[in-house]
Structures are given as structure tokens and as C-alpha cells.
Amino acid sequence: MLVTIARYTYPYEAQIARALLDSEGIDAFIADEQTINMQWLYSDALGGVRLQVAQEDVMRAQRILQDDRETPLVEQEGDDRPACPVCGSRNTEYHQIGRRWAFLMFLAIDFPLFRVQDGIRCHSCGAISKRHSDAARH
């Protein structure tokens, strides 16, 4: 019997987690990946892409996924995350602005009227801002 141990908005996030578990000798499976790939607007409605493992591997898999591997990687490779334009923190992540409205409009009229834009979400101050490309900055 398979147990869902994590949910992801994007299929590539689930693939990265599955590869990590696979490298540790745990067989993992991804559910709803093809559905989300075909129609990403359904991701929230379906609860995202599900990462599943066998019942006997649940505790070990959860521990592996919870390990913070970011610090050694940042020390080795450097931190290229964009700074928050509001507070200057680098504790940011990629965020799609307008995704929820596009989804709601798609459900209402079968056409996404709202444009989805790349943005940055700051974990330090909570601000969400549009992401500017490197070409626009120079």
C-alpha cells in the first residue's frame, strides 16, 4: 500500500524529491503528475502532485525530505537568489503572481483572462513583488 508523504504544486518539485529518495534506496512514486502537466490549472484542485512511498518507508522518507541540505550547498556554490526589493533579504523564492485569478477565470469562462507573471515571495517580510529580468536591470 502506498502512502502520500508530500504534495507539490509543480511536477518537477516532486521529481527532485523522488530522485532524492531514490538515491537513498527508497522507491517512491508520483501520482497525478501527467494530469498536472496537461492542465496546470488543476494543480490546486487536485491537491498538487503527490509523492508516495510504501508504508514501511514512510518515517525514513519523511526524515530524508526534512533534512536541510541547503546550507552546505549555498556554502559550496553561493547564493544567487534575488534580493527582496522591500527589505533586501535573500530569503526569497519564486512565486507566480496571478495564478489563482487565472485559474478562477478559467473555471468561470473556460479561458484564462489573467496573465500569470513571475514574481518573488520574501519569507522575511512577506512581500510579493514582480521579478525583473536581468536584461531589464541593465
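Structure: above.
The structure contained in this document is the topic of the report that follows. These figures come from a predicted structure and were not determined experimentally. (Residues numbered from 1 in each chain as written. Predicted model: local features only at pLDDT ≥ 70, side-chain atom pairs only at ≥ 80, totals over all residues. Heavy atoms only, no water.)

## A few points about the nonpolar core
The nonpolar side chains of soluble globular proteins are, as a tendency, buried together. Ile5, Tyr8, Leu21, Ile26, Leu51, Val53 and Ala61 are the most contacted members of the largest nonpolar core, which totals 15 residues. At the level of elements, strand E1 (2-8), helix H1 (11-23), strand E3 (49-54) and helix H4 (58-66) are the ones that each hand at least two residues to this core. What Val53 contacts, discounting residues up to four positions off in sequence, is Met1, Leu2, Val3, Ile5, Leu21, Ile26, Asp27, Ala28, Val58 and Ala61. (Core = buried A, V, L, I, M, F, W, Y, C linked by side-chain atoms within 4.5 Å. Buried < 20%, exposed > 50% of the residue type's maximum accessible area, 1.4 Å probe, protein only. Helix = DSSP H or I, 4+ residues; strand = E, 2+ residues; numbered from the N terminus. Contact = heavy atoms within 4.5 Å.)

## Observations regarding the sheet that holds strand E2 (residues 28-31)
To summarise the sheet geometry, strands pair through backbone hydrogen bonds and adopt either a parallel or an antiparallel arrangement. Taken together, 3 strands build an open sheet; the order of strands is E1-E3-E2 and the sheet is antiparallel. A strand with exactly one partner marks an edge of an open sheet, and here the two such strands are E1 and E2. Strand-to-strand twist across the sheet, computed as the mean angle between neighbouring axes with direction ignored, equals 30°. The pairing of E2 with E3 spans 4 bridges and is classified as antiparallel. Bridge pairing links Ala28 to Val53 in E3. In this fold H4 packs onto E1 and E3, with an angle of close to 15° to the strand it touches most, E1. (Pairing = 2+ DSSP bridges. Axes fitted to C-alpha atoms, helices over the stretch in contact; angles between N-to-C directions.)

Geometric descriptors of this kind do not, in isolation, establish any biological role.
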